[in-house]
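Structural overview for review
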Amino acid sequence: MEFKPAGEIIGIAHQVRTVGLKDGPQLPDGYYTFVDFYCTKASCDCRRTLIQVLLNGTHVSTIGFGWESPEFYKKWMGAKSDDDYMPQMHGATVDFTSPDKVSPQGMLAFFNALLDEKWIAVFKYNYDAVKAQLANNRKTKK
Ligand SMILES: [Zn+2]
């Protein structure tokens, strides 16, 4: 699966979120920018985002976030029983590609504290916009 930043696909309509942090218990002070990436396969329905977190412009962490239920991903991955191994796709996790330049636990706690319905709606909206743009590109290429 290849992931690209939403802004690269849907253009300037896309905005990234930047949050200032001061005196956090586990993370350094500074401005944290969250750049959401989406899978670029038009036919894929993974319904998640990879978020690169930049601290004052440096990539310090990568978070995966899936907004659907654990059951959705289980079905999507084709898990037959509860014992089948599958990576956690529901909710927020520190991705295995994360550079972990800050505390992964601290980053996850910060992300979850910021996460609200509004932000989740932005991810869903961007995901749909990216998929629509990809479908469009495919049509015009033919
Ligand atoms: Zn996908």
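What comes next concerns the included structure. Being a predicted model, the structure only gives us computed values, none of them experimental. (Residues numbered from 1 in each chain as written. Predicted model: local features only at pLDDT ≥ 70, side-chain atom pairs only at ≥ 80, totals over all residues.)

**Some remarks on the overall build of the protein chain**
For the protein chain, the helix and strand inventory stands at four helices and six strands. Along the protein chain, from the amino end to the carboxyl end, the secondary structure elements read β-α-β-β-β-β-α-β-α-α. Judged by the C-alpha coordinates and their principal axes, the protein chain covers about 50 × 45 × 25 Å. Classification of the 142 residues of the protein chain by burial places 25% in the buried group. Sequence-distant contacts, at least 24 apart, represent 57% of the contacts inside the protein chain between residues at least 6 apart. (Helix = DSSP H or I, 4+ residues; strand = E, 2+ residues; numbered from the N terminus. Buried ≥ 20, exposed ≤ 12 C-beta atoms within 10 Å, placed from the backbone. Contact = placed C-beta atoms within 7 Å.)

**A short note on the nonpolar core**
With 22 residues, the main nonpolar core has Tyr-38, Ile-51, Val-53, Ile-63 and Met-107 as its most contacted residues. Counting only elements with at least two residues in this core, the list comes to strand 3 (30-39), strand 4 (48-55), strand 5 (58-66), helix 3 (104-114) and helix 4 (117-141). Apart from the residues within four sequence positions on either side, Tyr-38 is in contact with Phe-3, Lys-4, Ala-6, Thr-49, Asn-126, Tyr-127 and Val-130. (Core = buried A, V, L, I, M, F, W, Y, C linked by C-beta atoms within 7 Å.)

**Considering the pairing of strand 4**
Most of strand 4 is tucked away: six of the eight residues are buried. Inspection of the sheet shows strand 3 paired to strand 4 by six bridges, in the antiparallel sense. In the strand pairing of strand 4, Phe-34 is matched with Val-53. The pairing of strand 4 with strand 5 spans eight bridges and is classified as antiparallel. Note on strand 5: the bridge partner recorded for Ile-51 is Ile-63. Here strand 4 hands over to strand 5 after two residues, with Asn-56 in that stretch at a positive phi of 50°. (Pairing = 2+ DSSP bridges.)

**Some points on helix 3**
The complete set of buried residues in helix 3 reads Met-107, Phe-110 and Phe-111. Taken around the axis of helix 3, the buried residues stretch over an arc of 95°, which confines them to a single face. Turned more than 90 degrees off the buried face of helix 3, the exposed positions are Gln-105, Asn-112 and Ala-113. Buried residues in helix 3 make contact with strand 4, strand 5 and strand 6 (91-94). (Arc of directions from axis to C-beta.)

**Concerning the pairing of strand 5**
With seven of nine residues buried, strand 5 is to be regarded as a mostly interior element. As defined by bridge partners, strand 5 adjoins strand 6 across four bridges and the pair is classed as antiparallel. In the strand pairing of strand 6, Gly-66 is matched with Gly-91.

**Description of the environment of Gly-66**
Looking at where Gly-66 falls in the secondary structure, it is placed in strand 5. Under the C-beta neighbour-count criterion, Gly-66 is labelled buried, with 20 such atoms within 10 Å. Sequence-wise, Gly-66 and Tyr-127 are 61 residues apart; in three dimensions their C-alpha atoms are separated by 11 Å. Once residues lying within four places of it in the same chain are set aside, the contact partners of Gly-66 are Arg-47, Arg-48, Tyr-73, Met-89, His-90 and Gly-91.

**With respect to unusual backbone geometry**
Located in the positive-phi region is Asn-56, a residue other than glycine, with phi close to 50°. Residue placement: Asn-56 occurs in the loop between strand 4 and strand 5. Judged by C-beta crowding, with 11 C-beta atoms within 10 Å, Asn-56 ranks as exposed. At Asp-100, a residue that is not glycine, the phi angle is positive and equals roughly 50°. Mapped onto the fold, Asp-100 is located in the loop between strand 6 and helix 3.

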